[in-house]
Protein chains: 2
Amino acid sequence: MFRTAELGRTVSRADYHEQVPILRAELLELQQQLRADAPFPVIVVFGGVDGAGKSETINLLHEWMDPRWLTTRAYGEPSDEMRDRPEYWRFWRDLPPKGRIGLFLSCWYSRPTLDRVYERSSEAELDEALDRVFAFEKELADDGALIIKFWMHLGKKAQKERLEALQKDPLTRWRVTKTDWDHWHMYDRFIAAAERLITRTSTGHAPWHIVEGFDKRYRGLTVGITLRNAIVRHLEEMRLRRDLIAARDGRLHDLSADDRETVEPSPADPVPGETRIGGTVLRMPRITILSQLDSSQAVDRKDYKLALEKCQGKVNRRCRRAKELGVSTILVFEGWDAAGKGGAVRRVTAALDARDFQIIPVASPTDEEQAHHYLWRFWRHLSRAGRVTIFDRSWYGRVLVERVEGFASEQEWRRAYAEINDFEDQLVRHGIVLCKFWLHITKDEQLKRFKTREKVAYKRWKLTEEDWRNREKWDDYEAAVNDMVERTSTSIAPWTLVEANDKRFARIKVLKTIRDAVEAGIARTGHPYVPEGKASKHTLESTA
Amino acid sequence: MFRTAELGRTVSRADYHEQVPILRAELLELQQQLRADAPFPVIVVFGGVDGAGKSETINLLHEWMDPRWLTTRAYGEPSDEMRDRPEYWRFWRDLPPKGRIGLFLSCWYSRPTLDRVYERSSEAELDEALDRVFAFEKELADDGALIIKFWMHLGKKAQKERLEALQKDPLTRWRVTKTDWDHWHMYDRFIAAAERLITRTSTGHAPWHIVEGFDKRYRGLTVGITLRNAIVRHLEEMRLRRDLIAARDGRLHDLSADDRETVEPSPADPVPGETRIGGTVLRMPRITILSQLDSSQAVDRKDYKLALEKCQGKVNRRCRRAKELGVSTILVFEGWDAAGKGGAVRRVTAALDARDFQIIPVASPTDEEQAHHYLWRFWRHLSRAGRVTIFDRSWYGRVLVERVEGFASEQEWRRAYAEINDFEDQLVRHGIVLCKFWLHITKDEQLKRFKTREKVAYKRWKLTEEDWRNREKWDDYEAAVNDMVERTSTSIAPWTLVEANDKRFARIKVLKTIRDAVEAGIARTGHPYVPEGKASKHTLESTA
């Protein structure tokens, strides 16, 4: 979930100083619009890793905006006054009124997270506390509030470097406390709790935006632009809602052209590559997780055959054992056109017994499928216990092709992240092994492969007009993949990004991932997998 | 929660046979409309007490409607096929496609409820299972599905009579099994689980309708009319939504007059007194929980003084002890104009130390309050530990005056039931004692009191024009009170309905209720209340 926030995105000093004045002017103007007639408050929540710039960013917003219409609240341990009342009393008390912006640091998310990190609460108790958060935010959002949540992230190594740097400088040494280091040692536990927190409370009405906290200029601009876009959007929503109510009362009238033009449509993307403010365009670095992959990785042709056979053998033995134990496996293959999905799938099925797997090629939905919820067609293909089901493309179509091509509305594909996480949660909790592969090739490699396909007769059928059309939308797809990984790579169902410029490397990586995942799935049944050699020895001994 | 479904509502044979043909024709017509162009499925869930007519009602709907576009699913223990897959696989498989109606009996609610009743699961596990239900229904509703849920209710005694009657008749004896009687013996546990189930899963997108199951004609018509109204309403919603999307795309155009007239606005009330279908009006009995109260109850003048002093003494001692232990009390007074709220409050405060209580008279919100969520002003008045806070009118204004006068939109006041339950849940879980009183007088009694007020000089200021206006809306208020009790009288925060035609009776009942509630609140701290006499004896002994 956080890998997409460790890409090292930065903004140069020159770009920053060019863009900030435009953004500032816009934010100040929006504050006035909010004051004038917004029937809602703006609630901005900051959470995240220590040292990722939470308080610095709040200070920055204070600098940029008019502090008279801005309140900031940070919470420590509750006082006696607070302990005398239900936990949320202090948060209710501090809510901004309509037309104002409230910035909240370490607020309702703080206690649930820390309780979990310090192991004062169980996972079920964390969930219960998050249900409370969910209900609280939903009530406010139902009442019209705009809620924006920023999760400021730093990788483990980056956090260490940040703390060390602060400690080295005599001027900032005081800022690093023992607690900071204690927390750093609990980094992994913190991230696990954070992932759960984000999964369960990133909702349509109160989404989390994960912000890479490494570069202060990048994170400042990102937060500022996201905030600006969210406010513009919500003002527009509220106007439409008002019109809907008018329609309901039978007093629907056409939106005047003026109405429509005052609010230019804002981009959906929280950190868009480009944001148009007035006549100016703000440009942010558009680095995605795919651009960070090392596509030069390869497996030598002479090593490949042996490695492949070894891997296939291991996969075969583990899948047979899994079948005996009733452990099912679901493999999801997604990737660029011509990335080698089909070839990789064939290397997997070669390792399996034909009776034990089925391949579900996912194309356009049938009429019957179209008449149901989009997940219905995947539910129906769930196999009986112990089988392997291979989805060649999958439910992720909702947030990839349907998003990019506009087949799903923005609301629909945004909602889909949570729906998919929920679906996969049910699979994994049922004991199913789930592997999700994104086969990645570079844009050049794709072109090379398309050209080969054009030339080679028996490959020509594979290349369609659509492939060329999709290729033109490469950047949109890349952004969609990045968001998909950010939103749906969870600890229980992580994405495996496969560097596939070298087909041999890709196939071996896929097989090894399956081998490990099935082995782990077997272990969860309480009957850990014993490798073949040892197992047969054991059998000989016991029958002796 | 279920008291409103034990009022003995019936429909006469003559009325029934007059109304059914009209309703049938309408339902058949709606089925055709759904088939023709509804972009959503209709999912109807039946749950409730055995013998309350769940399957009979499903049979009735089958008789009334066109069975070709209707599917019915009932679920028993999962088969091997089902156990091999995640629990919800079988429900997903059976979902109706767009344009069809699916009736579901003992479905996703069945296992969570029975597990709890048989004590195979804890309350936390029940909650977790209900979260799963919530997510499932939300996903479907987000996709456009219309979800209607009927909870068929029978009182404990009525259920026993029903089972005995069936057993007596040789023709129906076979229908009563040992399980039925086993379940009857667990009635109270079943109702406790049911209340939690309804509280947590009655949402705007999938509301529960509690139906009194005693009279088969009443329950059949109620379900039929509710279903009809929900479909009409949802079709209309969908048209409006389509227009909203058009507006978003900048292609908003006026709804044609035709469009608006084809769908007449349907009443909000699930079981309205009157439903207009075409030119005909269907009339249902409008019995509310208030009409069932015995308003003749009275306390004799000569007994009153002593009883009052005794009660006040007891309340005083318990509240002092509660203060020592940090247990707060919140008293909510609602009731008809001139029902004697003020007088009752004064009898309570006379029992308390002036430093330990505050009275919050709730009138129109201030400007500042208006700029916040409607619950904000109640959160801010929560006292420190150990105090008594008396709300003279309260957050229930949202579902009473704001509903009846149209100050809150229908969406707002419907949502408020869940918001209020959630708010009160936080109070009670914090250890606060919460008593909610509705002071009830009959309409005649109110008139008498209004007239007295007009005549007596020192009472005249109490009577305003508004009182007379409210009186004209008596029936609307009565329906609102009925719904309020149905939706917010929970096991942790029950309503006390106070028969207040006799002021003395009302005051004693209020004081006794407070006495018992505070005593129970003290007991929950682990320091049970010891009555004065025994306590002093105990003190003497221990100091001796």
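Residues numbered from 1 in each chain as written. Chains lettered and ligands numbered in written order. Predicted model: local features only at pLDDT ≥ 70, side-chain atom pairs only at ≥ 80, totals over all residues.

1. Considering the overall build of chain A
Working step 1: Looking only at helices and strands, chain A features 22 helices and 12 strands.
Working step 2: For chain A, the proportion of its 544 residues judged to be buried stands at 37%.
Working step 3: Summarising the internal contacts of chain A: among those between residues at least 6 apart in sequence, 81% fall at separations of at least 24. (Helix = DSSP H or I, 4+ residues; strand = E, 2+ residues; numbered from the N terminus. Buried ≥ 20, exposed ≤ 12 C-beta atoms within 10 Å, placed from the backbone. Contact = placed C-beta atoms within 7 Å.)

2. Looking at the sheet that holds strand E3 (residues 101-105) of chain B
Paired through backbone hydrogen bonds, the strands of a sheet run either parallel or antiparallel to each other.
Residues and elements named next belong to chain B.
Working step 1: Reading across the sheet, the 5 strands line up as E2-E3-E1-E4-E5 and stay open at both edges, with parallel pairing between neighbours. Of all the strands in the sheet, just strand E2 (70-74) and strand E5 (208-212) have a single pairing partner and so form its edges. Pairwise comparison of adjacent strand axes, ignoring direction, gives a mean angle of 20° for this sheet.
Working step 2: Looking at chain direction, E2 and E3 are connected through 5 bridges and run parallel. The residue bridging Thr 71 from the neighbouring strand is Gly 102, located in E3. (Pairing = 2+ DSSP bridges. Axes fitted to C-alpha atoms, helices over the stretch in contact; angles between N-to-C directions.)

3. Quick notes on the domain arrangement of chain A
All names here are of chain A.
Working step 1: The domain boundaries assigned to chain A delineate domain 1 (3-155 + 192-286) and domain 2 (291-533).
Working step 2: Taking only C-alpha atoms into account, the centre of domain 1 sits 34 Å from that of domain 2.
Working step 3: By residue number, the principal contributor to the side of domain 1 that touches domain 2 is helix H9 (residues 187-201), which donates 3 residues.
Working step 4: Among the residues making up the side of domain 1 that touches domain 2, the classes are represented as 4 nonpolar, 4 polar and 3 charged. (Domains from an automatic or database assignment. Nonpolar A, V, L, I, M, F, W, Y, C, P; charged D, E, K, R; others polar.)

4. As for unusual backbone geometry
Working step 1: Positive phi values are uncommon outside glycine, yet Ser106(A) reaches one of about 45°.
Working step 2: As for its position among the elements, Ser106(A) is in the loop between strand E3 (101-105) and helix H5 (110-117).
Working step 3: The phi dihedral of Glu119(B) falls on the positive side, at around 55°, and the residue is not glycine.
Working step 4: Inspection of the secondary structure assignment puts Glu119(B) in the loop between helix H5 (110-117) and helix H6 (123-142).

5. Digging into the sheet that holds strand E4 (residues 146-153) of chain A
Residue and element names in this part refer to chain A.
Working step 1: The parallel open sheet is built from 5 strands, whose spatial order is E2-E3-E1-E4-E5. Of all the strands in the sheet, the pair left with one neighbour each is strand E2 (70-74) and strand E5 (208-212). In this sheet, neighbouring strand axes are inclined to one another by 20° on average, regardless of whether the strands run parallel or antiparallel.
Working step 2: The pairing of strand E1 (residues 42-48) with E4 spans 7 bridges and is parallel. Its bridge partner being in E4, Val 42 is matched across the sheet by Leu 146.

6. So, the environment of Pro21(A)
Working step 1: Considering the arrangement of structural elements, one finds Pro21(A) in helix H1 (residues 13-37).
Working step 2: For the pair formed by Pro21(A) and Trp64(A), sequence separation is 43 residues and the distance between their alpha carbons is 8.8 Å.

7. Brief notes about the confidence of the model for chain A
Residues and elements named next belong to chain A.
Working step 1: Mean pLDDT over chain A works out to 87, with 92% of the residues at or above the 70 mark.
Working step 2: pLDDT under 50 marks residues 251-268. Its contacts with residues more than four places away, or in other chains, come to 25 contacts.
Working step 3: In this model, residues 536-544 is a region of pLDDT below 50 whose contacts with residues beyond four sequence positions or in other chains number 1 contact.
Working step 4: Confidence metrics for the complex model read pTM 0.78 and ipTM 0.73. (pLDDT = per-residue confidence, 0-100.)

8. Observations regarding the packing of helix H13 (residues 341-349) of chain B against helix H21 (residues 503-524) of chain B
Residue and element names in this part refer to chain B.
Working step 1: For the pair H13 and H21, interaxial distance at closest approach is 10 Å and the crossing angle is 45°. By the angle class used here, H13 and H21 are oblique. The two elements H13 and H21 cross, and the hand of that crossing is right-handed. Two secondary-structure elements touch here, H13 through Gly 343, Ala 344, Arg 347 and Val 348 and H21 through Lys 503, Ala 506, Arg 507, Val 510, Leu 511 and Ile 514. (Parallel < 35°, antiparallel > 145°, perpendicular 65-115°, else oblique. Left-handed = near helix turned anticlockwise from the far one by under 90°.)

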